Amino acid sequence: MRLEVSQAFSRGTKYFLVFYTIISLILTARHFYSYHASEGTDDDAAIFPRADENKAEIPLLNSSSSSSLSHSKNSSSQLQVDHQALAQSSDSSSHPDVAWPLDNGYSQRMDEDYVLSKIFSEAMGPSNLTPYYRRASALVEKNDITMATLVTRNRFKVLSRLATHYKGPISAAIHVNDDDSKQEVLDELHAVYQSNPDMQSYVDIHLMLDNFDRQFNLWRNVAKFFARTDYIMMLDVDFHLCTNFRQRIRNDPKIMALLDSGSAALVVPAFEYVAGEDGLDWRTFPTSKSNLLEEVESGKLDMFHKSWLRGHGSTNYTKWYASDDLYKVVDYNFSYEPYIIYKKEGSPWCSERFIGYGANKAACLYEIYISGIDYWVLPDDFLIHQTHEYPEATRRKERQYNRKLYSNFREELCLRYARLFVSTGDWDSSKADNLRDQCHRIRGFRSAMNLA
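Here the structure is a predicted model, which is why all the values come from computation and not from measurement.

Reading the values: the criteria
- Residues numbered from 1 in each chain as written.
- Predicted model: local features only at pLDDT ≥ 70, side-chain atom pairs only at ≥ 80, totals over all residues.
- Heavy atoms only, no water.
- Disulfide = S-S within 2.5 Å.
- Helix = DSSP H or I, 4+ residues; strand = E, 2+ residues; numbered from the N terminus.
- Buried < 20%, exposed > 50% of the residue type's maximum accessible area, 1.4 Å probe, protein only.
- Patch = residues over 30% accessible without salt bridge, like charges linked within 9 Å, V, L, I, M, F, W, Y side chains within 5 Å.
- Areas by Shrake-Rupley, 256 points an atom, 1.4 Å probe, with all protein chains shown as cover.
- Salt bridge = Lys/Arg side-chain N within 4 Å of Asp/Glu carboxyl O.
- Pairing = 2+ DSSP bridges.
- Axes fitted to C-alpha atoms, helices over the stretch in contact; angles between N-to-C directions.
- Core = buried A, V, L, I, M, F, W, Y, C linked by side-chain atoms within 4.5 Å.
- Contact = heavy atoms within 4.5 Å.

Undergrad: Before we go on, may I ask you to explain the state of the cysteines in this structure?
TA: The term disulfide refers to a covalent linkage connecting the sulfur atoms of a pair of cysteines. The full count for this structure, using the stated rule, is 2 disulfides. The disulfide partner of cysteine 350 is cysteine 364, and the gap between their sulfur atoms is 2.0 Å. Judged by the sign of its S-S torsion, about -55 degrees, the cystine formed by cysteine 350 and cysteine 364 is left-handed. Taken as a pair, cysteine 350 in the loop between strand 15 (339–343) and helix 13 (360–370) and cysteine 364 in helix 13 lie far apart in primary sequence, 14 residues in all. Cysteine 364 gets classed as buried once you look at its relative accessible area, which sits at 1%. When the cysteines of the protein that form disulfides are numbered from the N-terminus onward, they connect as 1-2, 3-4.

Undergrad: Quick question: what am I supposed to make of a nonpolar patch on the surface here?
TA: Residues Trp100, Met110 and Tyr114 make up a contiguous nonpolar surface patch of about 310 Å² in total accessible area. Tracing the chain through its elements places tryptophan 100 in strand 3 (residues 97–101). According to the relative accessible area criterion, tryptophan 100 is partly exposed, its value standing at 34%.

Undergrad: Whenever I open this one, the sheet that holds strand 13 (residues 301–303) confuses me. Can you help?
TA: Each strand in a sheet pairs with another by means of backbone hydrogen bonds, the pair being arranged parallel or else antiparallel. With mixed pairing, 4 strands are arranged side by side in an open sheet as 10-17-12-13. The sheet terminates laterally at strand 10 (239–241) and strand 13, the two strands that pair on one side only. With direction set aside, neighbouring strand axes in the sheet form an average angle of 35 degrees. Summarising the sheet, strand 10 and strand 17 (residues 383–385) pair through 3 bridges and their orientation is antiparallel. Residue histidine 240 lies in a different strand from strand 17, and its bridge partner there is isoleucine 384.

Undergrad: Explain the nonpolar core to me, please; I cannot follow it from the model alone.
TA: The biggest cluster of nonpolar side chains holds 113 residues, and the ones touching the most others in it are Leu159, Ile174, Met233, Phe245, Ile249 and Tyr375. In contact with phenylalanine 245, other than residues within four places in its own chain, are Met147, Met233, Val268, Ile341, Leu378, Asp381 and Leu383.

Undergrad: How do you make sense of the pairing of strand 15 when you look at a structure like this?
TA: A regular strand places its side chains so that they alternate between the two faces of the sheet. Of all 5 residues making up strand 15, 5 are buried, and the element is well covered by its neighbours. Of the two faces of strand 15, the one holding Tyr339, Ile341 and Lys343 and the one holding Ile340 and Tyr342 are both buried throughout. Pairing of strand 9 (residues 231–234) with strand 15 involves 3 bridges; the strand directions are antiparallel. Considered in strand 15, the bridge of methionine 233 is made with isoleucine 341. Bridging between strand 11 (residues 264–268) and strand 15 involves 3 bridges; their strand directions are antiparallel. Looking at strand 15, one finds that leucine 266 is bridged to isoleucine 341.

Undergrad: Please explain the pairing of strand 4 (residues 107–111) as it appears in this structure.
TA: Bridge analysis of strand 3 against strand 4 gives 5 bridges, and the strand direction is antiparallel. Residue pairing in the sheet places alanine 99 in a bridge with arginine 109 of strand 4.

Below is the structure:
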């Protein structure tokens, strides 16, 4: 009898151990899967590690996002973005969390909107930003040059032409007012995107929904921040790329080494037609320096905004006309607004305190310059402005405000970067040359720095 009881107990113990082992394996596998599924480590994951991918987001404008798009009942050919999905996207709680991995295997979670609000903390807000609202399908090489640009409703078709012409990576910050026109504007964006395969292949769209117009430097920062290459060009979408500087730069080891050093930015000279109507059709623009010089000599073309010489005069167009070699900008002034190609990593961001027209781009380029980045002019490449109208009344008013702001901003930058260079031991190095040249003109700078 005792033997039978002992055998029964032994069998029961074995069954219990087997059952316990199976349950333990199941629970371990479930924990492992749920932890790593939230990591989001592949290339198509969000730029931040997200804690919960099941939360609602603004729908992507692509064919796979069938839930975010619906056919209009009034028109069989017109696609519309779902109102309900957009309403959900305006609620900050619909955005996923950002998960910061910790050493103990857990993660610290923060709302993604909260993280982005710090990244772009100088801007007016709140702004509903959706990075990669549409992600380009073409493969991206890290050493390529991304066109980082900002786009509003009246430039959707110009962006489409740029995609077809450039056939390379484009990071476009697109602003849409969060009002009754939102649905109509997004429908227009979708129509343009769907009609051009090059848009789908090359353009990353980062969508901003808010009611703050002309936050140009915020939009520039968004386009730069989410660009996927090592180098970017700060480009206004209205400019036509007349020459293939992308190929020329990437095939020149000397220029690529200069870019990669992070201490140089390449200037592509900008032109415009004297008679505005001549600048309406990009297909008539010259595509070589020799052809451009013919139109300059005939009086049809001239430097961009010649009436405001300080804006582009530091490029030294007279020297460019005769030059065959890369040359350094030496006569810099604080109103200089060239179109530059530069290294994304390590370069300053555009100050988002500038709202509206006037000084916004100059302030951005000024900080880049005094941070120790020199400007070098490409000798054979150029851009031409595609004619469009400007809201002159609005521009005049906003320029008055930004002129005062820019004066104070330059003083602040000089003191901040001077202190930085002293702290890092760069004050007596060539890195501080641009700062010393520009900032000695700021009233009180020399005494503040105890300079003789």
